[in-house]
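A look at the structure
Letter by letter, the chains look like this.
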Amino acid sequence: MVRSLIPPLVLPGVYSPQEDTALLAGALSEEPLPPGADVLDVGTGTGALALQAAHRGSRVTAVDVSWRAVCTARANAWLTGASVRVRRGNLFHPVRDQSFDLILTNPPYVPAPKGAGPPRGKARAWDAGHDGRYVLDRVCREAPALLRPGGVLLIVHSELSDSGRTVGHLREAGLKAAVTRRHQVAFGPVLRTREDWLRQRGLLSAADEKEELVVVRAELPL
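Residues numbered from 1 in each chain as written. Predicted model: local features only at pLDDT ≥ 70, side-chain atom pairs only at ≥ 80, totals over all residues. Heavy atoms only, no water.

Tallying secondary structure elements over the protein chain gives 7 helices and 7 strands in all. Mapped in sequence order, the helices and strands of the protein chain form the string α-β-α-β-α-β-β-α-β-α-β-α-α-β. Here the C-alpha radius of gyration of the protein chain, 16 Å, is about what a compact globule of 222 residues would show, namely 17 Å. Projected onto its principal axes, the C-alpha positions of the protein chain cover 50 × 40 × 30 Å. (Helix = DSSP H or I, 4+ residues; strand = E, 2+ residues; numbered from the N terminus. Rg over C-alpha atoms; globule rule 2.2 N^0.38 Å.)

On inspection of all chains with the given rule, the structure shows 14 salt bridges. Here Arg148 ties to Asp38 by a salt bridge, and the two come within 2.8 Å at their closest N and O atoms. One end of the pair, Arg148, is in strand S5 (residues 147–158); the other, Asp38, is in strand S1 (residues 38–42), and 110 residues separate them in sequence. Relative accessible area serves as the criterion here: at 27%, Arg148 is assigned to the partly exposed category. Note that Arg194 is salt-bridged to Asp127, the shortest N-O span being 2.8 Å. With a gap of 67 residues between them, Arg194 in the loop between helix H6 (189–193) and helix H7 (195–200) and Asp127 in the loop between strand S4 (100–105) and helix H4 (136–142) connect regions that are remote in the sequence. Classification of Asp127 by relative accessible area gives buried; the value is 13%. When salt bridges that share partners are traced, they join Asp38, Arg59, Asp101 and Arg148 into one network. (Salt bridge = Lys/Arg side-chain N within 4 Å of Asp/Glu carboxyl O. Buried < 20%, exposed > 50% of the residue type's maximum accessible area, 1.4 Å probe, protein only.)

Here we come to the nonpolar core. Counting 63 residues, the largest nonpolar core has Leu40, Val84, Phe92, Ile103 and Leu170 as the members making the most contacts within it. Aside from chain neighbours lying at most four places away, what touches Ile103 is Leu40, Val42, Phe92, Ala143, Leu146, Leu147, Val152, Leu153 and Leu154. (Core = buried A, V, L, I, M, F, W, Y, C linked by side-chain atoms within 4.5 Å. Contact = heavy atoms within 4.5 Å.)

Further remarks concern helix H5 (residues 163–172). Structurally, the α-helix is built with 3.6 residues per turn, so residues lying three or four positions apart point the same way. Within H5 the residues assigned to the buried category are Ser163, Thr166, Val167 and Leu170. Around the axis of H5, the buried residues are gathered within 95 degrees of arc, so they sit on the same side. Tucked into the core, H5 has its buried residues touching H4, S5, strand S6 (176–186) and strand S7 (210–219). The opening residue of H5, the one whose side-chain oxygen lies 3.1 Å from the backbone nitrogen of Gly164, is Asp162. One or two residues past the end of H5 sits Gly174, with phi positive at roughly 95 degrees. (Arc of directions from axis to C-beta. Polar contact = N/O pair within 3.5 Å; in protein donor to acceptor, adjacent residues only side chain to side chain.)

Looking at the second largest pocket, its volume works out to about 560 Å³. Only helix H1 (19–30), S6, H6 and S7 provide two or more residues apiece to the lining of the second largest pocket. Ranked by the residues each element gives to the lining of the second largest pocket, the list is headed by H6, at 3 residues. Considered class by class, the residues forming the lining of the second largest pocket number 14 nonpolar, 5 polar and 4 charged. (1 Å grid on protein atoms, 1.4 Å probe; cavity = no way out; pocket = protein on both sides within 12 Å on 5 of 7 lines; lining within 4 Å. Points joined across faces, edges and corners; volume = space filled by probe spheres on them. Nonpolar A, V, L, I, M, F, W, Y, C, P; charged D, E, K, R; others polar.)

Note on strand geometry: in a regular strand, side chains alternate between the two faces of the sheet. As paired elements, strand S2 (residues 59–64) and strand S3 (residues 84–88) share 5 bridges and run parallel to each other. Bridging from a neighbouring strand, Val63 pairs with Arg87 of S3. Handedness of the S2-helix H3 (residues 67–80)-S3 crossover: right-handed. (Pairing = 2+ DSSP bridges. Right-handed = clockwise from strand over helix to strand, strands pointing away.)

One open sheet holds the 7 strands; their spatial order is S3-S2-S1-S4-S5-S7-S6, and the pairing between them is mixed. In the strand order of this sheet, the two ends are held by S3 and S6, each with one partner. Neighbour-to-neighbour, the strand axes of this sheet turn through a mean angle of 15 degrees, independent of strand direction. The pairing of S4 with S5 spans 5 bridges and is classified as parallel. Each bridged residue has a counterpart across the sheet, and for Ile103 the counterpart in S5 is Leu153. Its contacts with the sheet place H3 against S2 and S3, and it is angled at close to 170 degrees to S3. Packed onto the sheet, H5 meets S5, S6 and S7 and runs at close to 160 degrees relative to S6. (Axes fitted to C-alpha atoms, helices over the stretch in contact; angles between N-to-C directions.)

Here it is as structure tokens:
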């Protein structure tokens, strides 16, 4: 499932589609998007999800803070014949004056032992502060204002970064929100390097051998 999502080009330092990408892609495939729907993919990476939306006939804008990711997504759109506008910027800044029928995001969400500040280098693709919510909380605050009535926000992240908090924030913003997908995966290289720290913090129990990924779906009522 993940392999089929990997686009033609993945430059070094750009997050390659993983199980979280596949989980979000499954949620995207179930959204009833009419042709010409405006879709935003935030933190696009290789552009895999943006390409999927574009091939369904949507008008897609993709954003990433990394120039390597922007170049990768643009190249993959060209190589696959997909019409995707790719912008460089920090989260919603490049599209702050626009609105969308669907917003997708696979943000950094892994709790990091080095504090709450912004990560550097390729770790920007996964490290998200001490509680894993350095980017997630911003998404919950800023995304609702960009949704059209009836618009949907789809977020994928680890249960380590507290899906209940995500759902709560989005409901407080006036959206109908719930976890709609769950999937357990083996620890990847990043989690394996900080497994002991996560257990010490109580985010993993002594018996936990897998990480649970979730998709949160939030809809702005009509």
